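A look at the structure
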Amino acid sequence: MKKVVFSLITSVLAAVFLISCSLPPLEPVTRMELMKTRVYNKYIIEESPEELLYALNTRGEVVVEGSRNIPGRNFPVFVKLLATTDGVHVLEYDR
């Protein structure tokens, strides 16, 4: 009985970990698609577009440190970019 329960718990945990992994997009993200998000106008990000494209095309997502592009103010945020079939989605989280 204990082996069955342990086996069931192990398989459920393995399934959760496999589902939660990020995957690369089916079609590579282009520089034009990245620039359509206007992420470099809304935020101050130190990483180059090529670095973001590499991360998006290999892992499917990337989280970078940045700040909102508001003159005279400093609002540090984490910017998360997701490569989906609908395009690149941009999410921001306060630091």
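Residues numbered from 1 in each chain as written. Predicted model: local features only at pLDDT ≥ 70, side-chain atom pairs only at ≥ 80, totals over all residues. Heavy atoms only, no water.

The subject of this paragraph is the sheet that holds strand E3 (residues 76–84). One open sheet accounts for 4 strands, arranged E1-E2-E3-E4; its pairing is antiparallel. At either margin of the open sheet sits one strand with a lone partner, and together these are strand E1 (43–45) and strand E4 (87–94). In this sheet, adjacent strand axes meet at a mean angle of 40° when their direction is disregarded. Looking at chain direction, strand E2 (residues 61–68) and E3 are connected through 7 bridges and run antiparallel. Within E3, the position partnered with Glu-65 by the bridge is Phe-78. Strands E2, E3 and E4 of the sheet are contacted by helix H4 (residues 49–59), whose axis makes an angle of about 145° with E2. (Pairing = 2+ DSSP bridges. Helix = DSSP H or I, 4+ residues; strand = E, 2+ residues; numbered from the N terminus. Axes fitted to C-alpha atoms, helices over the stretch in contact; angles between N-to-C directions. Contact = heavy atoms within 4.5 Å.)

This part is about the pattern of salt bridges. Within this structure, the stated rule accounts for 5 salt bridges. With a shortest N-O distance of 3.7 Å, Lys-80 and Glu-61 are connected by a salt bridge. Remark: Glu-61 occurs in strand E2 and Lys-80 occurs in strand E3; sequence separation between them is 19 residues. On the basis of relative accessibility, which here comes to 21%, the residue Lys-80 falls in the partly exposed class. Among the residues examined, Glu-61 registers a relative accessible area of 28% and is labelled partly exposed. For Arg-68, the salt bridge is made with Asp-94, and the minimal N-O distance between the two is 3.7 Å. Placement of the pair is Arg-68 in strand E2 and Asp-94 in strand E4, with a sequence separation of 26 residues. By relative accessible area, which is 27% here, Arg-68 ends up partly exposed. Taking relative accessible area as the criterion, Asp-94 reaches 60% and is therefore assigned exposed. Each of the salt bridges in this network shares a partner with another, and the network as a whole consists of Arg-68, Glu-92 and Asp-94. (Salt bridge = Lys/Arg side-chain N within 4 Å of Asp/Glu carboxyl O. Buried < 20%, exposed > 50% of the residue type's maximum accessible area, 1.4 Å probe, protein only.)

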